[in-house]
Amino acid sequence: ADIAVVGGSNDDAFWNIIKKGIDDATPMVEANGGSVNYLRLVNYDNFAPDVVQLIRTAISMEVDGLVIPNWVPEAEDPAIKDAIAAGIKVILMNAGGAEKARELGAINYVGSDEYVAGVAGGEYFGDNGQKNVLCINTLPGTANIEARCKGVIDGITGKGGKGAQLPLPSTSFGDATAVAEAIKAELLKDETIDGVITISAGDADSAAIAVEQAGKTGTTLLGSFDMNQAGLDRIKGGTQLFSIDQQPYLQSYLAVSLLASHIDFGTDLPIFPVLTGPGIVDASNIDATLAGVAKGAR
Amino acid sequence: MTAPILALKNINKSFGPIDVLHDINLEVRPGEVLCLLGDNGAGKSTLIKILSGVHQPTTGTIELDGKEVIFPAPRVAQEAGISTVHQFGGTFPLMSIGRSFFVGVEPTKGWGPFKIYDRARANAIAVKAVQDMGITRITDGDRLVGGLSGGERQSLAIARAVHFGARVLILDEPTAALGVKQATHVLRIVNEAKRRGLAVIFITHQVMHAMAVGDHFAVLIRGAVAADFRKGEKTREEITDLMAGGASMASLEGEIEGYMATHDGHPPQAVQA
Amino acid sequence: MTAPILALKNINKSFGPIDVLHDINLEVRPGEVLCLLGDNGAGKSTLIKILSGVHQPTTGTIELDGKEVIFPAPRVAQEAGISTVHQFGGTFPLMSIGRSFFVGVEPTKGWGPFKIYDRARANAIAVKAVQDMGITRITDGDRLVGGLSGGERQSLAIARAVHFGARVLILDEPTAALGVKQATHVLRIVNEAKRRGLAVIFITHQVMHAMAVGDHFAVLIRGAVAADFRKGEKTREEITDLMAGGASMASLEGEIEGYMATHDGHPPQAVQA
Amino acid sequence: MTSTTASRPVEAMPAHGSNLSLGSLLRRPEAGAFLGLLAVLIFFAAFGGLTFLKPAGMSSWLNVAANLGIIAIPVGLLMIAGELDISVGAMVPFGAMTVAVISGHYGMSIWLGIAVTMAFGVTVGLINGYMVIRTAVPSLIVTLGSLFAVQGIVLGLTVLITKSTSVALTVEGPAKVIFGDFLFGGQLQVMVIWWLVLTAAYVFFIHFSPKGNWIFAMGGDKVSARNAGIPTDRMTILLFVLSSTSAAFVGMCQAILYNSAQVAGGQSFIFNSIISVVVGGVLLTGGFGSVVGIFFGTITFAIVNQGIYYTDFDRNWSALIIGVLLLLAVLMNNTFRKMALSATTKKKGA
Amino acid sequence: MTSTTASRPVEAMPAHGSNLSLGSLLRRPEAGAFLGLLAVLIFFAAFGGLTFLKPAGMSSWLNVAANLGIIAIPVGLLMIAGELDISVGAMVPFGAMTVAVISGHYGMSIWLGIAVTMAFGVTVGLINGYMVIRTAVPSLIVTLGSLFAVQGIVLGLTVLITKSTSVALTVEGPAKVIFGDFLFGGQLQVMVIWWLVLTAAYVFFIHFSPKGNWIFAMGGDKVSARNAGIPTDRMTILLFVLSSTSAAFVGMCQAILYNSAQVAGGQSFIFNSIISVVVGGVLLTGGFGSVVGIFFGTITFAIVNQGIYYTDFDRNWSALIIGVLLLLAVLMNNTFRKMALSATTKKKGA
Ligand SMILES: Nc1ncnc2c1ncn2[C@@H]1O[C@H](COP(=O)(O)OP(=O)(O)OP(=O)(O)O)[C@@H](O)[C@H]1O
Ligand SMILES: Nc1ncnc2c1ncn2[C@@H]1O[C@H](COP(=O)(O)OP(=O)(O)OP(=O)(O)O)[C@@H](O)[C@H]1O
Ligand SMILES: [Mg+2]
Ligand SMILES: [Mg+2]
């Protein structure tokens, strides 16, 4: 089966783990005479149009199957319906959910959900006793990223605390120092902030320094979406509370292999949806996670 | 004597704190060449920029056919029939000869909203005008101006002004970069324009050129009219003195040769103006 | 006659498919002014650009003091004592007079790696050099070049070349934008340089200027040396003819005045070269 | 950047005229762009196979080109006139959000949404234009300022009004058909038609109508252009209005087509449009270029951007491939033009 | 953009010299930048209160200024020389990733990592410089190409080598103290020292050493500069090497400080450095500016960027505030300089 996967930006850590899952599933597809094509956004600047454009590109390639995150349903639904109408089997991955998959006629949903993951993070903070959580958003306006912070805020609010988002202007994106200093400033300004969560693993590296510099080590706790080596080292060392893990490797690996096997062999999984998260990586499960990170799968 | 086309009355011009022109009164008449003379920085270019709508006077008025006018933009002066070749620029290196010639007043063909630029006609007229200036090498109106020599470009700019100069033609040092032949052609053009009844304002640093075409001379010294006289009223030596800033100079352009010969190659001592 | 400082042997220069210079042979000697004459586009500037290391000849050789040399960059020619004022540019509008004067050869004070630009000395020398050219208005070496008039800028460029011209001074149309007084000063400077034993190459379109300072004349027509003669060997009329491209012309700069007088303002008919 | 570069390419520069000889064709500004286009077409056909050139595949890059091209042409005209407009990057999400908030969030008539969006586009253009002509600040900086300002307004207002950064919009009927639909239910966006029509209109405006000449004159030498009687201030404002309105228009059509609008930086349109324009043979220093060249440049960029998906290259290297291909396209563009010139013109020096 | 703009500001332009009168002080290129800096300082002190000016608050913008400033000065020198370097945006992550891969992933000596990072910085600079001087392609386009190419290389190689896009790095000992630590365990990054030292070195190089003059000459008129005997090609390459090496250096120091490197990011350095340079009084058209001005411009930008966190403004409006403040800073810079000139200079026309 010829399968196309649509995914996030090239240099986004999360989506590189997705890519690892795809790459690992590819030999199985190819062994059965198929191919896998990973179509990635170049950036998140023109989000909905670019995603839909990629779906249309996939349709134009006359693939047999399509794995697609349903980030912006209003925009993507018509294109996904067109794909299904063109005889392409679709699995929703990472964003969308079971309901949406049924509605569109996709064969399954594999993933967690940005919003649900955010809620899990917010609740984790709440359970840990945090009362005021700041979600650092270095890509304000981007749909999937906004969902993360929204989830965090709803999660902590649900536990009786409060949360807010800190949107950073584009002039700060990618400058570790500008991000760190912005967080530090917020911490200095609002003494009650006792939890900080960043939308990416890289920003957490800046946040860690910011917390330290604000003199809040131990009082303001740090969480992050996604993981990198440095973040896991911090969890192990006790300077970071947790990372939210959707297990992206499983999302793409399972989505691609399920879809290929459905198309090639007619298999169907009775489980609907297939949930890969949200999982929380904290001090309790850090060692197993570290092993996966070294192989690029976590 | 005919009535003046253009008259300047008590024109002053300052750029911020810098006063460049003081109480200028001048008139230009049809069929007459006014030579504007003066040292570097005397204010000649500034004066003609006021006449061509590039600058507005700080105080004072301009009269056209005896009626006060204001030239808020070059276009207005142009529409009043005043056509100017400025000292620098005026052509566009990456444009074709035809387009550069007609810039701002493009000829069109067709009708209504679908009037289109008439390339063939523009090229033909431009090439003819430039050839009339003696630049017979130019035959293709599609050639880029940037490919022409400095002299050829200057000739193109002058040809343009002559072509559009309905009533007044202003030339700011048109012969500065030109070779002997081209300069002679420009002087002819000036005479031809005068013969057709245009008023011409001609700026030059070369006495010979001034005397060859001028009917009327105005000398600017430090932004004020220091002398205003007609052809024949002053000798070449007097004019040269005035052009050099008004000081009487021991050594002048025309004399240096003889001087050098008698002084065995030693230059005369500098006299500070 | 002294031995030539610089000699060009069979120089040819093409820009891609365009042949600009053909088999040029020329010599310049110390204490002598070589006037390079010719129509617009004849190749004068290209020739001196070869001498100053801006362009390299396509074929042919340059000899300095009888030894073959190659000038791969302007710096090399400069270090050989050849100093040039090019036809356009040469000054930097947003630089101070002192810095512009010494560009590329900045004077320093201090020692070792902490040699610093000696602003005071640079300004003093630059102001003195420009004042020696007759521009006494300039007293502050920190003023920006862009604030000077065209003539003042030209004088600055010439003063620079004279100051650094150790052996050969090349001036490409130095008097084109200058007023009568400034032009006279430049001619004096040329004579002064000659007297100091420099070789001078002087390009102009004004016969008067050429005859005032030239010892030796070379006329380029369409990229080839059409005439090469010494002072006194040709009349002014002959020289003017040559400068105009070699065709004998019925109307020349010097004649037009008288002509106009006798023909009642009608210009003579154009004679195509 | 320097004033000297303007004079350098004269040698290699053709006239705008159109004789029919091969030489003069090659000397036109769009010739290099066309060759660059051919080269990337061949490259991707070789590495990506034929899907890429089938109707469905073609629509994939034509749609991208259409969205970009509508912005790139006015940006290119500004560049020809010697100015830059960076703010288009923010105008795309601004346009999308305006129509989505008015006709989606508030549920008002889509025509009102369209009218207000266009009006905002014109307004920002007027502000940019006025600031450029009234101050001595270069347009790069002015529009960089308005880029940030508009980004801030979009984010701030959208969150203030809708409490969200993503607004849904459902459009039916003629507005959908005209602005945001697929042609005949197929693969091509209606935007492609807009793009072609606008390109034709620009070609007419720039290369045939008498006013087009003015833009080249302004880029060649603004002072001389004004002295020649061209209303340079009015033209400058007009061009800024064109570019920001076009960007708002593209954003609006995207919102109608995709039923939603997001707040986003939109910076990718900035570089993408500049690249398309320069690959299309417009001189960064102004005064030279052609609409058809920009048209080819846009297609070249779209093919490079989309073509990657049709090849087997590892996606991680796509930025490298895009960078190298763009450099090659510009270089080819330059060198080929020079080669063509020396092969076809043989003129005497003096 | 046009060649004509170069001549426009002459009126308002001061000399480089330094008399001690108020008038001549105001005419220096950095005067406007200094006033812009004062204005934003007052603005944020008024709206943000004193935290902003306490040591912890000051370090917040000084650190940002230091990171940006090390890149902004060589970018500004390029602009003075009439060129642009966009590729710094990719060099920051490139530098960070190089040291992280060598000394983090492979665990080799940090000094080797530092040496290789610097060597890569020099290499990219050489390539940029050579491409600019050998081809007629404007440097904006050349470096846009290398921006993409380097981005692609960083991503591709990092994933190939480490299977990840984020690499951890732990540095101890002198290298940490020298390149990536806080001073005396306090709030200020050691980068601030680097920044001050480098700024001093640049001030010496540009305004005191004889070679600084050459850069101004190149930006004023490249052909005349070459004719005056300046090795313009060598200087151009040197400047490109400086800018890309500086960017790689900043990335490296960030990786050492934050113990980690990401392949993403860095693009903001492009616009941020251009803004700092122009706010600092450098002419976009080349030939005019000063290192001290760029220094002030960088601080101004850093304050504008960070100041909002000390105010009560809704964070969603930060981009708007940045945009408006920057425009105002540039405008003030221009108008004030003009005002100062007409108040202090009274010279006669002829
Ligand atoms: N826009 C301006 N702002 C300030 N000063 C100016 C401006 N234009 C000209 N000046 C000054 O006005 C004076 C007169 O300049 P102008 O160009 O009119 O002289 P000119 O007589 O044409 O000299 P030249 O023979 O060298 O062309 C000069 O001192 C010049 O510096
Ligand atoms: N870099 C170049 N590339 C191509 N052609 C050139 C170049 N430089 C000069 N030419 C051509 O060479 C010829 C001679 O030019 P040059 O500038 O030497 O003439 P000139 O004698 O100095 O004329 P003028 O009196 O107008 O200054 C002209 O036809 C010109 O177009
Ligand atoms: Mg003048
Ligand atoms: Mg010449």
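Thresholds applied
Residues numbered from 1 in each chain as written. Chains lettered and ligands numbered in written order. Predicted model: local features only at pLDDT ≥ 70, side-chain atom pairs only at ≥ 80, totals over all residues. Heavy atoms only, no water. Helix = DSSP H or I, 4+ residues; strand = E, 2+ residues; numbered from the N terminus. Buried < 20%, exposed > 50% of the residue type's maximum accessible area, 1.4 Å probe, protein only. Polar contact = N/O pair within 3.5 Å; in protein donor to acceptor, adjacent residues only side chain to side chain. Contact = heavy atoms within 4.5 Å. Salt bridge = Lys/Arg side-chain N within 4 Å of Asp/Glu carboxyl O. Donors = N, O, S within 2.8 Å, 3.2 Å for Na, K, Ca; no water. Pairing = 2+ DSSP bridges. Right-handed = clockwise from strand over helix to strand, strands pointing away. Buried area = accessible area lost by both parts, 1.4 Å probe. Least-squares fit on C-alpha atoms with pLDDT ≥ 70 in both. Core = buried A, V, L, I, M, F, W, Y, C linked by side-chain atoms within 4.5 Å. Domains from an automatic or database assignment. Axes fitted to C-alpha atoms, helices over the stretch in contact; angles between N-to-C directions. Parallel < 35°, antiparallel > 145°, perpendicular 65-115°, else oblique. Left-handed = near helix turned anticlockwise from the far one by under 90°. Near = heavy atom within 4 Å. Areas by Shrake-Rupley, 256 points an atom, 1.4 Å probe, with all protein chains shown as cover. Nonpolar A, V, L, I, M, F, W, Y, C, P; charged D, E, K, R; others polar.

Remarks on the side chain of His205 of chain C
Reasoning step 1: Mapped onto the fold, His205 of chain C is located in the loop between β10 (199-203) and α7 (207-213).
Reasoning step 2: Judged by relative accessible area, His205 of chain C falls into the buried class, the value being 6%.
Reasoning step 3: Within the structure, the side chain of His205 of chain C is placed 3.5 Å from the backbone oxygen of Gly38 of chain C, a separation counted as a polar contact.
Reasoning step 4: Polar contacts involving the side chain of His205 of chain C include one to the side chain of Glu173 of chain C, which spans 3.0 Å.
Reasoning step 5: For His205 of chain C, the contacting residues outside a window of four places in its chain are Ala177, Leu178, Gly179 and Val180 of chain B together with Gly38, Asp39, Asn40, Lys44, Glu173 and Met243 of chain C.

Notes on the pattern of salt bridges
All names here are of chain A.
Reasoning step 1: Across all of its chains, the model carries 33 salt bridges over all chains by this definition.
Reasoning step 2: Here Lys184 makes a salt bridge to Glu181, at a shortest N to O gap of 3.0 Å. One end of the pair, Lys184, and the other, Glu181, are both in helix α7 (residues 176-189), 3 residues apart, so they sit about a helical turn from each other.
Reasoning step 3: Residue Lys184 is classed as buried on the basis of its relative accessible area, which comes to 1%.
Reasoning step 4: Under the relative-accessibility criterion, Glu181 is labelled buried at 3%.
Reasoning step 5: In this structure, a network of salt bridges that share partners links the residues Asp77, Lys100 and Glu103.

Comments concerning the coordination of the magnesium ion (ligand 3)
Reasoning step 1: Looking at the magnesium ion (ligand 3), the protein donor atoms are Ser45 of chain B (OG) and Gln87 of chain B (OE1), and they sit 1.9 to 2.0 Å from it. Remark: Gln87 of chain B occurs in the loop between β6 (82-85) and α3 (97-101) and Ser45 of chain B occurs in helix α1 (residues 44-51); sequence separation between them is 42 residues.

Thoughts on the pairing of strand β4 (residues 89-93) of chain A
Residue and element names in this part refer to chain A.
Reasoning step 1: Of all 5 residues in β4, 4 are buried; the element is thus mostly enclosed.
Reasoning step 2: In the sheet, strand β3 (residues 65-68) pairs with β4 via 4 bridges, with the strands oriented parallel. Bridge pairing links Gly65 to Lys89 in β4.
Reasoning step 3: Taking the sense of rotation as the criterion, the β-α-β connection linking β3, helix α3 (residues 73-85) and β4 turns out right-handed.
Reasoning step 4: The pairing of β4 with strand β5 (residues 108-110) spans 3 bridges and is parallel. Residue pairing across strands places Leu92 opposite Tyr109, the latter belonging to β5.
Reasoning step 5: Chirality of the crossover, the property in question, places the unit of β4, helix α4 (residues 98-104) and β5 among those that are right-handed.

Quick word on the interface of chain D and chain B
Reasoning step 1: With 34 residues of chain D at the interface, the matching set in chain B holds 34 residues.
Reasoning step 2: Summed over both sides, the interface of chain D with chain B buries roughly 2700 Å², with 58% coming from carbon and sulfur.
Reasoning step 3: Of all residues in chain D, the largest losses of buried area upon contact with chain B belong to Asn213, Arg226 and Asn227 of chain D, amounting jointly to 21% of the total for that side.
Reasoning step 4: At the junction of chain D with chain B, the criterion picks out 0 salt bridges.
Reasoning step 5: Looking at the side of chain D that touches chain B, the elements that each hand over two or more residues are α8 (190-208), α9 (212-220) and α10 (222-227) of chain D.

As for the relation of the copies chain E and chain D
Reasoning step 1: For the match of chain E to chain D, the screw axis carries a shift of 0.1 Å, the RMSD comes to 0.2 Å, and the turn is 179°. Between the two chains, the operation in question is that of a two-fold axis.

Brief notes about the nonpolar core
Reasoning step 1: In this structure, Val5, Leu66, Ile68, Val90 and Leu92 of chain A, Trp195 of chain D together with Trp195 of chain E are the most contacted members of the largest nonpolar core, which totals 304 residues.
Reasoning step 2: When near neighbours in sequence (up to four residues on either side) are disregarded, Leu92 of chain A contacts Ile68, Asn70, Ile80, Gly97, Lys100, Ala101, Leu104, Ala106, Asn108, Tyr109 and Val110 of chain A.

Topic: the domain arrangement of chain B
All names here are of chain B.
Reasoning step 1: Annotation of chain B at the domain level lists domain 1 (1-90 + 168-234) and domain 2 (92-147).
Reasoning step 2: Here domain 1 and domain 2 have C-alpha centroids that lie 27 Å from each other.
Reasoning step 3: Counting residues at the interface gives 6 residues for domain 1 and 6 residues for domain 2.
Reasoning step 4: In this assembly, domain 1 packs against domain 2 so that about 490 Å² is buried in total across both faces, 58% of it on carbon and sulfur atoms.
Reasoning step 5: When residues of domain 1 are sorted by the area they lose upon contact with domain 2, Gly90, His185 and Ile189 head the list and together hold 57% of the total.
Reasoning step 6: Applying the counting criterion to the domain 1 and domain 2 interface returns 0 salt bridges.

Section: the sheet that holds strand β12 (residues 224-230) of chain B
Residue and element names in this part refer to chain B.
Reasoning step 1: Overall, mixed pairing links the 6 strands, which are arranged β6-β9-β10-β3-β11-β12 in an open sheet. Only two strands of the sheet have a single neighbouring strand rather than two, namely β6 and β12. Taken over all neighbouring pairs, the strand axes of this sheet differ in orientation by 15° on average, direction set aside.
Reasoning step 2: Here strand β3 (residues 33-38) pairs with strand β11 (residues 216-221) via 5 bridges, running parallel.

A short note on the packing of helix α3 (residues 55-80) of chain D against α8 of chain D
Residues and elements named next belong to chain D.
Reasoning step 1: Closest axis-to-axis distance for the α3/α8 pair is 8 Å, and the angle between their directions is 25°. By the angle between their axes, α3 is roughly parallel relative to α8. In the packing of α3 onto α8, the handedness of the crossing is left-handed. Within the contact between the two elements, α3 uses Leu62, Asn63, Ala65, Ala66, Asn67, Gly69, Ile70, Ile73, Pro74 and Leu77 and α8 uses Met191, Val192, Trp194, Trp195, Leu198, Thr199, Tyr202 and Ile206.

Side note on the environment of Phe92 of chain C
Residue and element names in this part refer to chain C.
Reasoning step 1: Within the secondary structure layout, Phe92 lies in the loop between β6 (82-85) and α3 (97-101).
Reasoning step 2: On the accessibility criterion, Phe92 (2% relative accessible area) is buried.
Reasoning step 3: In sequence terms Phe92 and Val103 are 11 residues apart; their C-alpha atoms lie 9.3 Å from each other.

Topic: the site of ligand 2
Reasoning step 1: Neighbouring ligand 2 are 15 residues, the closest being Gly41, Lys44, Ser45, Thr46 and Gln87 of chain C.
Reasoning step 2: Those chains with residues close to ligand 2 are chains C and D.
Reasoning step 3: Backbone polar atom of Ala42 of chain C to an oxygen atom of ligand 2: 3.2 Å apart, as the coordinates give it.
Reasoning step 4: Note that an oxygen atom of ligand 2 is positioned 2.9 Å from one of the side-chain N or O atoms of His205 of chain C.
Reasoning step 5: About the coverage of ligand 2: the protein hides 79% of its 640 Å² of free accessible area.
Reasoning step 6: Split into classes, the residues belonging to the shell around ligand 2 amount to 3 nonpolar, 8 polar and 4 charged.

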